[in-house]
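Descriptive analysis of the structure
Below, each chain spelled out in residue letters.
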Amino acid sequence: MTKEIKYTVFLLMSLLILPGISTAQEARSLIRRGNSFYEDNKFKEAEINYRKAEKSDPTSIRADYNLGNSLYKQNNFKDALQYYQSAVTKAAGKPGVKPSTLAKNMYNMGNTLLKSNQYKEAVDAYKQSLRINSQDPDTRYNLSYALQ
């Protein structure tokens, strides 16, 4: 292979890889911006940034999880549940995801279902969370509450 061909192949490969890197970086930046709004209790502004992050990187578990949290804080339980479920689905199909990520999502799903008076489903979500993290006292408490 000549030098020119090697350079051309390198250039083409770089052009294919760079957009993926920049979208992931953009998503992380949008998530950080959303987190700042979330910490300031500006949940609608946080939601907007998390939606942009999710659009920028549709594989982002963090964007879905955080979007679910901001929707939950706005009492939009139906949509919050959708994004928690999406995060769980994405996490289940991704190698290297921490079990705590799944446990947190299942716990938040349980809380959302509980707020929506879907007690049986909330119990199931809490049980799944406890299967992953059996030592979480908040999940244990919420499970006992949902069972009553």
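Structure: above.
Residues numbered from 1 in each chain as written. Predicted model: local features only at pLDDT ≥ 70, side-chain atom pairs only at ≥ 80, totals over all residues. Heavy atoms only, no water.

Observations concerning the overall build of the protein
When you go through the protein residue by residue, the secondary structure sums to seven helices and zero strands. Written out in order from the N terminus, the α and β elements of the protein read α-α-α-α-α-α-α. By residue count, 37% of the 148 residues in the protein fall in the buried class. Relative to all contacts within the protein whose residues are 6 or more apart in sequence, the contacts with residues 24 or more apart total 47%. Accessible surface for the protein amounts to roughly 9400 Å². Of this, 55% is attributable to carbon and sulfur atoms. (Helix = DSSP H or I, 4+ residues; strand = E, 2+ residues; numbered from the N terminus. Buried < 20%, exposed > 50% of the residue type's maximum accessible area, 1.4 Å probe, protein only. Contact = heavy atoms within 4.5 Å. Areas by Shrake-Rupley, 256 points an atom, 1.4 Å probe, with all protein chains shown as cover.)

Looking at the packing of helix α2 (residues 43-56) against helix α3 (residues 61-73)
The interhelical angle for the contact between α2 and α3, taken along N-to-C directions, is 155 degrees, at an axis separation of 9 Å. When the interaxial angle is binned, α2 and α3 end up roughly antiparallel. In the crossing of α2 with α3, the sense of the turn from one axis to the other is left-handed. Of the residues in α3, those in contact with Phe 43, Ala 46, Glu 47, Tyr 50, Arg 51, Ala 53 and Glu 54 of α2 are Ala 63, Asp 64, Asn 66, Leu 67, Ser 70, Leu 71 and Lys 73. Its residues placed into classes, the contact of α2 with α3 shows seven nonpolar, two polar and five charged. (Axes fitted to C-alpha atoms, helices over the stretch in contact; angles between N-to-C directions. Parallel < 35°, antiparallel > 145°, perpendicular 65-115°, else oblique. Left-handed = near helix turned anticlockwise from the far one by under 90°. Nonpolar A, V, L, I, M, F, W, Y, C, P; charged D, E, K, R; others polar.)

Some thoughts on unusual backbone geometry
One non-glycine residue, Asn 75, lies in the positive phi region at around 60 degrees. Following the sequence through the fold, Asn 75 ends up in the loop between α3 and α4 (77-92). One non-glycine residue, Asn 117, lies in the positive phi region at around 60 degrees.

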